[in-house]
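So the chains spell out like this:
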Amino acid sequence: MKSTPTEPLSKESLPKESIVIVWFKRDLRIHDHEPLTTAASLQNKGIKVLPLYVVEPDYWQLPDSSARHWRFISQSLAELNQALLSLGQGLWVEHSTVISVLQKLAAHFNIVGLYSHQESGNLWTYQRDKDVTIWCLKNKIKWHESEAYGVLRRFNDRDRWAYYWEKYMVREKSIAPVSLAKIESLKVYNDRPGFDLPALDLTVLERDENKHLQEGGRSRGSACFKSFLNERGKQYSFNMSSPLTAFRSCSRLSPHIAFGTLSLREIVQKLRKQAKTPHLEDSWKRSLRSFDSRLHWHCHFIQKLETEPLFETHNMLPVFDGLRENAFNEDYFEAWKSGNTGYPFIDACMRCLRHTGWLNFRMRAMLVSFSSYQLWLHWQRPAWHLAQCFTDYEPGIHYSQIQMQSGTTGINTLRIYNPVKQSQDQDPKGVFIKRWVPELSEYNDEYIHEPWTMPMAMQQQKGCIIGTSYPQPIVEHVAALREARAKFTAFKQHHPEFWQQAQALNAKHGSRKRKAKSKTKGTNRKIANTRIDIDQLSLFQPI
Ligand SMILES: Cc1cc2nc3c(=O)[nH]c(=O)nc-3n(C[C@H](O)[C@H](O)[C@H](O)COP(=O)(O)OP(=O)(O)OC[C@H]3O[C@@H](n4cnc5c(N)ncnc54)[C@H](O)[C@@H]3O)c2cc1C
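Keep in mind that what you see is a predicted model, and the values were worked out from it rather than measured.

A. The arrangement of the environment of Ser41 in detail. Mapped onto the elements, Ser41 comes out in the loop between helix H1 (34–40) and strand E2 (48–55). Spatially, the C-alpha atoms of Ser41 and Leu505 are 43 Å apart, while their sequence positions differ by 464 residues.

B. Spotlight on the sheet that holds strand E1 (residues 17–23). Read across the sheet, 5 strands follow the order E3-E2-E1-E4-E5 without closing on themselves; strand pairing throughout is parallel. Each edge of the open sheet carries a strand with a single partner, namely strand E3 (92–95) and strand E5 (142–146). Shown here is a sheet whose adjacent strand axes are inclined to one another by a mean of 30°, direction ignored. Sheet topology note: the strand E4 (residues 109–117)/E5 ladder contains 5 bridges and is parallel. Residue pairing in the sheet places Tyr115 in a bridge with His144 of E5.

C. Fine view of the site of the ligand. As a structural note, the neighbourhood of the ligand is formed by 27 residues, with Cys250, Ser251, Ser254, His398 and Gln401 the closest of them. Those elements giving two or more residues to the shell around the ligand turn out to be helix H10 (254–258), helix H12 (282–307), helix H15 (361–374) and helix H17 (395–406). Across the shell around the ligand, the residue classes break down as 15 nonpolar, 7 polar and 5 charged. Residues from two domains meet in the shell around the ligand; each of domain 2 (216–307) and domain 3 (318–542) gives at least three.

D. Quick look at the domain arrangement of the protein. Domain parsing of the protein yields domain 1 (17–146), domain 2 (216–307) and domain 3 (318–542). Taking the mean C-alpha position of each, domain 1 and domain 2 sit 28 Å from one another. Counting residues at the interface gives 12 residues for domain 1, matched by 16 residues for domain 2.

E. The arrangement of the nonpolar core in detail. Of all hydrophobic cores here, the largest spans 123 residues; its most connected members are Ile21, Val22, Leu52, Ala348, Cys349, Leu367 and Ile433. Discounting chain neighbours no more than four positions away, the residues touching Ile433 are Pro344, Phe345, Ala348, Asp427, Leu440 and Ile448.

F. Quick look at the packing of helix H11 (residues 264–275) against H12. The geometry of H11 relative to H12 is characterised by a closest axis approach of 10 Å and an angle of 160° between their N-to-C directions. Our classification of the angle between H11 and H12 gives roughly antiparallel. With respect to the hand of their crossing, H11 and H12 are arranged in left-handed fashion. For the pair formed by H11 and H12, the contact residues are Leu264, Ile267, Val268, Leu271, Gln274 and Ala275 on the first element and Lys285, Leu288, Phe291, Asp292, Leu295 and His298 on the second. A per-class count over the contact of H11 with H12 returns 8 nonpolar, 2 polar and 2 charged.

G. Examining the environment of Gln303 more closely. The residue Gln303 is located in helix H12 in this model. Spatially, the C-alpha atom of Gln303 lies 9.3 Å from that of Trp161, the residues being 142 residues apart in sequence. Filtering out sequence-adjacent residues up to four positions away, Gln303 remains in contact with Val151, Leu152 and Trp161.

The rules behind each value
Residues numbered from 1 in each chain as written. Predicted model: local features only at pLDDT ≥ 70, side-chain atom pairs only at ≥ 80, totals over all residues. Helix = DSSP H or I, 4+ residues; strand = E, 2+ residues; numbered from the N terminus. Pairing = 2+ DSSP bridges. Axes fitted to C-alpha atoms, helices over the stretch in contact; angles between N-to-C directions. Near = placed C-beta within 6 Å. Nonpolar A, V, L, I, M, F, W, Y, C, P; charged D, E, K, R; others polar. Domains from an automatic or database assignment. Contact = placed C-beta atoms within 7 Å. Core = buried A, V, L, I, M, F, W, Y, C linked by C-beta atoms within 7 Å. Buried ≥ 20, exposed ≤ 12 C-beta atoms within 10 Å, placed from the backbone. Parallel < 35°, antiparallel > 145°, perpendicular 65-115°, else oblique. Left-handed = near helix turned anticlockwise from the far one by under 90°.

If you want it as structure tokens, here you go:
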């Protein structure tokens, strides 16, 4: 039936308003946000900008997602919404699959383009992005993806990687738009508040988790960075290894970088400006240099997963398939996960992580080393557990580091941490242990690192019997390590293809830092460098 001028127009018969969608992912800010800036520049052509965030139910069922990630994201989304509202158009949040959200929007709007940052996430987001690409192609909508940081897509030239990273970091930041036109017709499309975060039923690790976890939002991220640059970072390079000092001296920016409340480029640029301050003390210079190199590592590791997404689920060197997979001891895993291995420093680290969502690098590496060597657990399930615990879970760094610490990369020195020596070195008086393993609070320095050596009469006097109030060590760490070392060596001896695979992996993904300093030229230089890395494989370095 034809509509007459007197009849009200139905939703369907209204001309479709033209919009571009800015899809926020792990970039929860308006500053230095190229997709938003570019999309906003189209407003002078009468095209409005719809800022969108999609809460994807299937993603939140994955074994590497958890309530603490969602908590940090929700807090960051609330601030992002406020920032967008101040520009004129708040954040539109949907709880569904991205494809169905796009489909619904396409029914009501003329979608001129989709703008987002590239995401180097996990396999699930990789597959989802492939589906979105196909949907966009079918619907003739161009998806513009900007580089998120110094990670390159479809890039296979590791030799030039550092050059591109540097080029990206010094490039001018994109300026936040001054205003966004309000999209009134959104009300017609869906009669609910645009910013409406769903309650998700997620893995919760501790009942009191909210007490100690880092808070999300750009304002928190900026304050954290400011206090690091002005005060906390001075002893960064000395204090990063011990959990007693690292909580304060490390930047603690990781969740803000992971979920993009701050851009990596703005951090690099501010840091370098600070490093140029005249008469800077040596400790500051050392710390800022060290911090700068870690920001470089951030992308170096993510680049590996970007280039090879299967590193999330497969051993980096296929030759290691079958090394540990069939020997998974559930009891050991449960003891490790809950912080009840009988090794006080390991347990303190795990319990602390479960409560705070953060640990310094060395302690993360030690937890994985212990699960991989002393407990001989294949890395996949420990990786999921840690991913759920870390507020700053970043798949690219996470899986690369997990594989590196469990020895399946073949291109790095095998690092095996001695849990007792680490305890003595990093927490000599047992202060950290006693904070997180209160069962041992009466144990003195002499026994705190190896409580099972305390005579029984003293244990009774201290009110903590080992084996009753606190576990006996689940393995004897020296013997377990000897056994692990023997298995590793035998495995490599039985698989001569190891050397070839390691060399190929190093050529594709290995760090080029050493090579840049080498005086050897051309192809020989590459081979020489590869040999150095492979030679290190024979070293088992107890740290
Ligand atoms: C097994 C294991 C798993 C890890 N998983 C993650 C993870 O999921 N997410 C994550 O952000 N980091 C991870 N790391 C790296 C590192 O431990 C953390 O980045 C760091 O502890 C975060 O604290 P911070 O922000 O105070 O770091 P700072 O020392 O202040 O460093 C600043 C930033 O540099 C980057 N960075 C620092 N160290 C490294 C490193 N070794 N490799 C790559 N980037 C680095 C991070 O973005 C960090 O926020 C992992 C390390 C190990 C050993």
